[in-house]
Amino acid sequence: MVPTTEPPSIIHVIIVGSGFAGLTAAIECRRKGHSVLLLESFPELKTLGDIISFGSNSGRIFQRWPGVDALLDPIIHKSDGLRLKTYLGEDLLEQSWLEERKAYGKSFNGHRGEIHEIVFQYALDIGVDIRLGHKVENYFESEHEAGVFANGEKFVGDVILAADGVRSMGRAIVLGYEDKPKSSGYAVYRTWFDSAELAKDPDTAWLVNNGDQHCAWLGPDIHFIAASIKNGKDFSWVCTHKDEADVEESWQAHAPLADAKEVLKGWDPVVQKILNATPSPLIDWKLVYRDPLPTWISPKRRIAVIGDAAHPFLPTSIQGASQAMEDGVTLAVCLSLAGKNKIQEAVAAFEALRYERVRATQKTGEKTRDTWHKADWDAVKKDPESMLLKREAWILNFDAEQYAEANYAATVALLGDTKAAREYNMPPII
């Protein structure tokens, strides 16, 4: 039985893409009584990926889904803070998460594929209709309905949510033209592996033998972040580095370990030992840049792009997945408050509620990257706290569902002026 405290609606929602934006939108719409069809191009679910982070603003969403927190808890990272070092191995400071956790709530950081599998199964359990192997070929809309063509079949609903990632086909109908991704000038080497070899070496054992640990090494235009997970059993690291390669053909590919060793030549011997224990190849993930979209919604307001399809994030924001989940929650609230006869109002209100918050959050990732990559190291040694990872309350101590419910009516009243409606929802940045 679908857990819901809301009267069921007859809104037919079609979602394209089963990433965290799509799954969250599907779950939240289903919980609120809507009919949900989710189309995913992949033919089968695979446990792919490596480390992914969900802040407390999205952690509270997981905790609202009965049983999900209990399933996620054994597989997530549980350190008490982040140790910051220079690229030569000099200690800068330790940043504790204890007060933040107490004030804002629980975060969920772990293997993307493992977390995704749990959320995917929960969506199935509550009755979301998920069709794998359905590649969407086109979108369409009228004043009264919207739909997609997939596998030669036509699917029609009241609203379409395009959650199909940075190469979203839905962007074209929203923008009226196809925009191509650009290189951000950076890429990330990524990996995940068993920590047994690291545990044997006295120089790396501290990273895995005393519960989960989290450490970042910062250098000129590069940072390297390592984390152990599952009480030190698994190990993951990411390395953000300069990369001007074309992203037209592939934004995610494999790279030999030797490439990372070349980028990190001369770094802390501990980093070198981590690299020596790392299996090859690595994932080489190009950080795709998109100019901020002027709008996330289609001309007839029956289609919305959400998550990475609307707003890709830099990893240094630590908010890409969380903001994708907030999108899904907000849309479900808007649809329920508007009702079937005001779908276009709901879609417009969703964008206005989210637009400025997302853009402000994106900027925090840009600022952190520049702080870490462009540091004056003589100044940093005098003021190591300048390297602290910014953890703003307006981002983390936020409940997307409550906010949308409280601000929907006022936002709708301003929809005649898009700029005013967006500015009404500007976050209280301090």
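Let me begin by describing the structure that accompanies this report. The model shown is predicted, which means the values in this text are computed figures rather than measured ones.

The rules behind each value
- Residues numbered from 1 in each chain as written.
- Predicted model: local features only at pLDDT ≥ 70, side-chain atom pairs only at ≥ 80, totals over all residues.
- Heavy atoms only, no water.
- Axes fitted to C-alpha atoms, helices over the stretch in contact; angles between N-to-C directions.
- Helix = DSSP H or I, 4+ residues; strand = E, 2+ residues; numbered from the N terminus.
- Left-handed = near helix turned anticlockwise from the far one by under 90°.
- Contact = heavy atoms within 4.5 Å.
- Nonpolar A, V, L, I, M, F, W, Y, C, P; charged D, E, K, R; others polar.
- Buried < 20%, exposed > 50% of the residue type's maximum accessible area, 1.4 Å probe, protein only.
- Polar contact = N/O pair within 3.5 Å; in protein donor to acceptor, adjacent residues only side chain to side chain.
- Phe/Tyr/Trp six-rings, centres within 6.5 Å; stacked < 30°, edge-to-face > 60°.
- Lys NZ or Arg CZ within 6 Å of the ring centre and 35° of its normal.
- Disulfide = S-S within 2.5 Å.
- Salt bridge = Lys/Arg side-chain N within 4 Å of Asp/Glu carboxyl O.
- Pairing = 2+ DSSP bridges.
- Parallel < 35°, antiparallel > 145°, perpendicular 65-115°, else oblique.

A pair of packed helices can be characterised by two numbers: the angle between their axes and the separation between those axes. As a packed pair, helix α10 (residues 320-338) and helix α14 (residues 400-413) sit with axes 9 Å apart at the nearest point and diverge in direction by 35 degrees. Like other packed secondary-structure pairs, α10 and α14 cross with a definite hand, here right-handed. Between α10 and α14, the residues in contact are Glu-326, Val-329, Thr-330, Val-333, Cys-334, Leu-337 and Ala-338 and Ala-400, Glu-401, Ala-404, Glu-405 and Tyr-408, respectively. Among the residues forming the contact of α10 with α14, the class breakdown is eight nonpolar, one polar and three charged.

Tracing the chain through its elements places Ser-298 in the loop between β17 (282-289) and β18 (303-305). Accessibility expressed as a relative area gives 2% for Ser-298, which makes it buried. In this structure the side chain of Ser-298 is engaged in a polar contact, spanning 2.7 Å, whose partner is the side chain of Glu-141. Among the polar contacts listed, one links the side chain of Ser-298 to the backbone nitrogen of Arg-302, at a separation of 3.3 Å.

With that out of the way, let us pick up the packing of aromatic side chains. Summed over the entire model, instances satisfying the criterion amount to 14 aromatic pairs. Ring geometry for Trp-296 versus Tyr-355: centroids 5.3 Å apart, planes at 40 degrees, classification tilted. With Trp-296 in the loop between β17 and β18 and Tyr-355 in helix α11 (residues 343-373), this pair connects stretches of sequence that are 59 residues apart. Taking the ring centre of Tyr-186 as reference, the NZ or CZ of Lys-242 above it sits at 4.7 Å.

Moving on, we get to the state of the cysteines. Scanning all chains against the criterion turns up zero disulfides. Left without a disulfide partner, Cys-29 is nearest to the cysteine sulfur of Cys-334, which lies 10 Å away. As a non-bridged cysteine, Cys-239 has Cys-215 as the owner of its nearest cysteine sulfur, 13 Å distant.

Before going further, it helps to examine the pattern of salt bridges. Note that side chains of opposite charge can pair when their charged atoms are close. Applying the stated criterion across every chain, the model contains 34 salt bridges. Residue Glu-351 pairs with Arg-422 through a salt bridge whose shortest N-O separation is 3.3 Å. Here Glu-351 is found in helix α11, whereas its partner Arg-422 is found in helix α15 (residues 418-424), with 71 residues between them in sequence. We note that Glu-351, like Arg-422, is buried. Note that Arg-359 is salt-bridged to Glu-366, the shortest N-O span being 3.4 Å. One network of salt bridges, with partners in common, ties together Glu-28, Arg-31, Lys-32, Arg-64, Asp-399 and Glu-401.

We now examine the pairing of strand β14 (residues 222-229). Summarising burial for β14: eight of the eight residues are buried, a large majority. Going residue by residue along β14, you find Ile-222, Phe-224, Ala-226 and Ser-228 tucked away on one face and His-223, Ile-225, Ala-227 and Ile-229 tucked away on the opposite face as well. What sits between strand β13 (residues 214-219) and β14 in their antiparallel hairpin is a turn of two residues, with Asp-221 showing a positive phi close to 60 degrees. Relative to strand β15 (residues 234-242), β14 is paired through seven bridges, and the arrangement is antiparallel. From the neighbouring strand, Ile-229 faces β15, where its bridge partner is Asp-234. Here β14 hands over to β15 after four residues, with Lys-230 in that stretch at a positive phi of 60 degrees.

Another aspect to go through is the packing of helix α1 (residues 20-31) against helix α5 (residues 112-125). It is at 10 Å that the axes of α1 and α5 come closest, and there the two elements cross at 25 degrees. Considered as vectors, α1 and α5 are oriented roughly parallel to each other. As for how α1 packs across α5, the hand of that crossing is left-handed. Touching Phe-20, Leu-23, Ile-27 and Arg-31 of α1 are Arg-112, Ile-115, His-116, Val-119, Phe-120, Tyr-122 and Ala-123, all from α5.

Turning our attention to the sheet that holds strand β10 (residues 153-157). Two pairing modes exist for strands in a sheet, parallel and antiparallel, and in both the strands are linked by backbone hydrogen bonds. Pairing is antiparallel in the open sheet, where three strands are placed in the order β8-β9-β10. The open sheet is flanked by β8 (136-141) and β10, the only strands paired with a single partner. Each strand axis lies, on average, 20 degrees off the axis of its neighbour in the sheet, ignoring direction. One ladder, built from five bridges, connects β8 with strand β9 (residues 146-150); its direction is antiparallel. Of the residues in β9, the one forming a bridge with Phe-140 is Gly-147.

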